[in-house]
Amino acid sequence: MTCTVMDEAYRAFRTAVGSLADQWLATGLPSRQGLHEAAENLERQRAHLKVNGIWDQSPSMVTATLDDGLGQGLAIIEKYAAAIGIHLIALGLMQTPAAVMDACRRHQPDFLGLTILQFDTEDDLTRIASHLPRKTRIVAGGPVFSGDSDFAGRTGTHYAAKNVAFFLRYMLDWPDNQTM
């Protein structure tokens, strides 16, 4: 594709992702099944447009949970991260801080995506944040962030996503939001 056609394709995909996020921010999220279908639609659109994602250079993200044995929220974020073109390194559920820090040292990701459910993981998250590569941004979600508005700041979390719509909006603004 020529540069102009490729630019138009990236713009079209970014617009589709932004419209979806804005719709959900205005009206609320669909059911879990609706979320899966929307992610699959984004993946089909990305393939049809022949773009890597919402960026010309795909960022990477290590994902894990520290205290979540089910990982439903993380599964949704991983699905949408892949749909928008993020290269995922999924560590899985109930990871130790040492495992998360080691993976981040080895892979040097742009993002660390975490689900945090319990307040008693504050020390672990703070330790992880202090040992991350300089470029790695923590994007996390879970009830502790809505239950304690200062939790993200105390733990070194760069962004606490309320849900997948907020996650998509944050990603659409990256790398402009790196100072947040």
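Right, let's walk through the structure included here.

Cut-offs applied
- Residues numbered from 1 in each chain as written.
- Predicted model: local features only at pLDDT ≥ 70, side-chain atom pairs only at ≥ 80, totals over all residues.
- Heavy atoms only, no water.
- Helix = DSSP H or I, 4+ residues; strand = E, 2+ residues; numbered from the N terminus.
- Buried < 20%, exposed > 50% of the residue type's maximum accessible area, 1.4 Å probe, protein only.
- Polar contact = N/O pair within 3.5 Å; in protein donor to acceptor, adjacent residues only side chain to side chain.
- Contact = heavy atoms within 4.5 Å.
- Axes fitted to C-alpha atoms, helices over the stretch in contact; angles between N-to-C directions.
- Parallel < 35°, antiparallel > 145°, perpendicular 65-115°, else oblique.
- Left-handed = near helix turned anticlockwise from the far one by under 90°.
- Nonpolar A, V, L, I, M, F, W, Y, C, P; charged D, E, K, R; others polar.

Another point: the environment of G147. With respect to the helices and strands, G147 occurs in helix α6 (residues 143-147). Using a relative accessible area of 56% as the deciding quantity, one classes G147 as exposed. A C-alpha to C-alpha distance of 33 Å links G147 and W55, two positions 92 residues apart in sequence.

We now examine the side chain of T121. With respect to the element layout, T121 can be found in the loop between β3 (111-115) and α5 (122-130). Looking at T121, the relative accessible area reads 4%, which means it is buried. One polar contact links the side chain of T121 to the main-chain carbonyl oxygen of Q118, over a distance of 2.7 Å. In contact with T121, not counting residues within four places along its chain, are L66, D67, I116 and F151.

With that settled, consider the packing of helix α4 (residues 97-107) against α5. Contact geometry for α4 and α5: axes closest at 10 Å, N-to-C directions at 20 degrees. One finds that α4 runs roughly parallel with respect to α5. Every pair of crossing elements has a handedness; the one defined by α4 and α5 is right-handed. Contacts from P97, V100 and M101 of α4 reach α5 at D124, R127 and I128. A per-class count over the contact of α4 with α5 returns four nonpolar, no polar and two charged.

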